[in-house]
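Inside the fold
One-letter residues, chain by chain:
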Amino acid sequence: MILFDYQFKQALPIIDKIEEAGFEAYFVGGSVRDTLLNKPINDVDIATSAKPNEIKGIFPKTIDVGIEHGTVMVLWKDASYEITTFRTESTYQDFRRPDNVEFVRSLKEDLKRRDFTINALAMNRNGEIIDYFNGKKDLENKLIKAVGIPEERFFEDALRMMRGVRFVSQLNFSMDSETEVAIHKNHPLLEKIAVERIQVEFIKLLLGSGRKQGLGLFIRTNLFYYCPGLKDFKKELEEFAKLDCVIENRVVAWTLLSHYLRKTSGNIELFLRDWKCSKKEINQVKSAMNALQHRLKGDFNRQVLYQTGLQIALDVETVMDCLGYPINFEFVHTLYQELPIYSKNDIDVNGNDLQVVLKRKPGKWLGDLMAEIEVTILSGELPNEKSVIIEWVSNNYTNDV
Ligand code: ATP
Ligand code: MG
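Residues numbered from 1 in each chain as written. Chains lettered and ligands numbered in written order. Predicted model: local features only at pLDDT ≥ 70, side-chain atom pairs only at ≥ 80, totals over all residues. Heavy atoms only, no water.

**Quick word on a nonpolar patch on the surface**
Stated precisely, the cut-off is as follows: A patch consists of residues whose relative accessible area exceeds 30% and which take part in no salt bridge; residues with like charges are grouped when within 9 Å of each other, and nonpolar side chains (Val, Leu, Ile, Met, Phe, Trp, Tyr) when within 5 Å. All accessibility values rest on the Shrake-Rupley procedure with a 1.4 Å probe; residue burial counts only the protein chains present in the view. The salt bridge definition used is simple: a Lys or Arg side-chain nitrogen within 4 Å of an Asp or Glu carboxyl oxygen. Helix numbers and strand numbers start at the N terminus; a helix is a DSSP run of H or I with at least 4 residues, a strand a run of E with at least 2.
Taken together, the side chains of I63, V65 and L75 make up a nonpolar region of the molecular surface, amounting to roughly 210 Å² of accessible area. Looking at where L75 falls in the secondary structure, it is placed in strand β4 (residues 71-76).

**With respect to the site of ligand 1**
The condition that has to hold: Throughout, the term near means that a residue has one or more heavy atoms lying within 4 Å of the molecule or strand in question. Pairing of N or O atoms within 3.5 Å defines a polar contact, subject to two protein rules: one partner must be a possible hydrogen donor and the other a possible acceptor, and residues neighboring in sequence count only if both atoms are side-chain atoms. Any residue outside Ala, Val, Leu, Ile, Met, Phe, Trp, Tyr, Cys, Pro, Asp, Glu, Lys and Arg is labelled polar, Gly included; the first ten of those are nonpolar and the last four are charged. Where each domain begins and ends follows an automated or database-derived domain assignment.
Inspection of the region around ligand 1 gives 15 residues, with R33, N119, D157, R160 and R166 positioned closest. In the environment of ligand 1, an oxygen atom lies 3.4 Å from a nitrogen or oxygen atom belonging to the backbone of G30. The side chain of R160 places a nitrogen or oxygen atom 2.7 Å from a nitrogen atom of ligand 1. With four residues, the top contributor of residues to the shell around ligand 1 is helix α7 (residues 159-171). Across the shell around ligand 1, the residue classes tally to one nonpolar, four polar and ten charged. When residues are assigned to domains, the shell around ligand 1 turns out to be shared by domain 1 (1-141) and domain 2 (147-242), each giving three or more.

**Looking at helix α20 (residues 386-396)**
Under the convention used in this document: For every residue, the accessible area (1.4 Å probe, protein chains only) is compared with the maximum for its type, and the residue is labelled buried under 20%, exposed over 50%, or partly exposed between those bounds. Our arc is simply the arc of the directions from the helix axis toward the C-beta atoms. It only takes one pair of heavy atoms within 4.5 Å for two residues to be counted as in contact.
Within the sequence span of α20, burial applies to I389, W392 and V393. The arc that holds every buried residue of α20, seen down its axis, measures 100°, which confines them to one face. Along α20, the residues that are exposed and aim more than 90 degrees away from the buried face are S387, E391 and N395. At its buried positions, α20 is contacted by α18 (351-358) and α19 (364-379).

**Notes on the domain arrangement of the chain**
Rule in force here: The term buried area denotes the loss of accessible surface (1.4 Å probe radius) that occurs when two parts are joined, taken as the sum for both partners.
According to the domain assignment, the chain consists of domain 1 (1-141), domain 2 (147-242), domain 3 (250-339) and domain 4 (345-396). Placing the centre of domain 2 and that of domain 3 at their C-alpha centroids yields a distance of 27 Å. Taken together, the contact pairs 17 residues of domain 2 with 14 residues of domain 3. Across the domain 2 to domain 3 interface the summed buried area is about 1500 Å²; carbon plus sulfur atoms make up 77%.

**Describing the side chain of D34**
Among the structural elements, D34 can be located in helix α2 (residues 30-36). Of the residues examined, D34 reaches a relative accessible area of 7% and is grouped as buried. For D34, the side chain forms a polar contact with the side chain of R33, separated by 3.0 Å. Setting aside chain neighbours within four positions, we find D34 in contact with K39, P40, I41 and L171.

**Details of the pattern of salt bridges**
All chains considered together, the criterion is met by 26 salt bridges. Ionic pairing is found between R125 and D16, a salt bridge with its closest N-O pair at 2.8 Å. Separated by 109 residues along the polypeptide, R125 in the loop between β8 (122-123) and β9 (129-130) and D16 in helix α1 (residues 6-20) bring together distant segments of the chain. By relative accessible area, D16 is classed as partly exposed at 22%. Put simply, D110 and R114 hold a salt bridge, and the shortest N to O gap is 2.9 Å. Across this residue pair, the class does not change: D110 and R114 are buried. By sharing partners, the salt bridges in this structure join D115, R163, R166 and E201 into a single network.

The following block contains the structure:
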């Protein structure tokens, strides 16, 4: 019997209400798995025999989040719960998630279409586990094993192969040998899957504590072959897979990977765009890669730290640590605190001031001069004080610069 986590307790009235209306409802998926592993749970998913319209009839506040897949979101006491009708996925096209689902009234049928045995567990409102596919045993043996015949399952949805290696890394599990063989055999099916979906799993793989095993499997099964920009880099990936450190966040993950793949500032953008990373993330990783090049040659200096920003600079220290170089977070913090300015806006003069002093109309010179003032303040040669900057400008520049 499970000691209910707070999130489960909060959701119990939902299960009760569905049952009172004459249907079945269970906790399913990741939350049940993680509870049995004594891990904190993310989101509580509920599966039910009630059809979406029946759920909408039971609860006053619902949102149609994916009604065609049988999912309704129920809003209940400041929280929201995804409630999905038991379903089978009958028509699979192109090895992708099916467009059509068929609602069924049997829990077992629903659990059968789930990816791995450890994800095919259900829990009722009393904390009793329903385990049709030996998921509990596989949890104990730390095994990722497909439900049913692995090859069939990967034909239905090829993303499951990536999910498998992701769970190996995330949970520090091994992969069942039959499941691994089926991935190896069918790895080209991954080509059919949208990069966005692959990326979600790949990042979770990189951030997992069992990354070494996960990446080893990712390489061994040739899944890397059908991931953007990795096909020709088996050796580099193998080197990357030897790293022992835990990767803390996405920027560190992409930066380390880019470093091992020897990406330059020129081609890193394309690489990350192919992976469908956001513009913001691409800029963060580019900035981290630039800083890393400096950092590999010596300590951070004010200029580089100013351009990089504190957060990314700390990420770069983490990357250095992973790579086995000596690091100093304290130094980065102190150097950052001592920066005279943190952005152009902090400079004590503005474009108007400069136009007045030099009696010139705005033009390209203005941006150039501001950039020079910025660099000179950062170098410590010029204090960030309006009167001093104005004097420095009048001494160094005539009005025909
Ligand atoms: P996480 O903790 O990362 O959220 P999770 O197991 O909850 O892991 P989700 O993507 O949230 O993963 O999916 C919830 C559940 O839905 C899974 O546990 C699994 O039962 C099922 N599932 C998700 N994706 C698939 C898939 N591609 N094929 C089959 N079943 C899937
Ligand atoms: Mg989940």
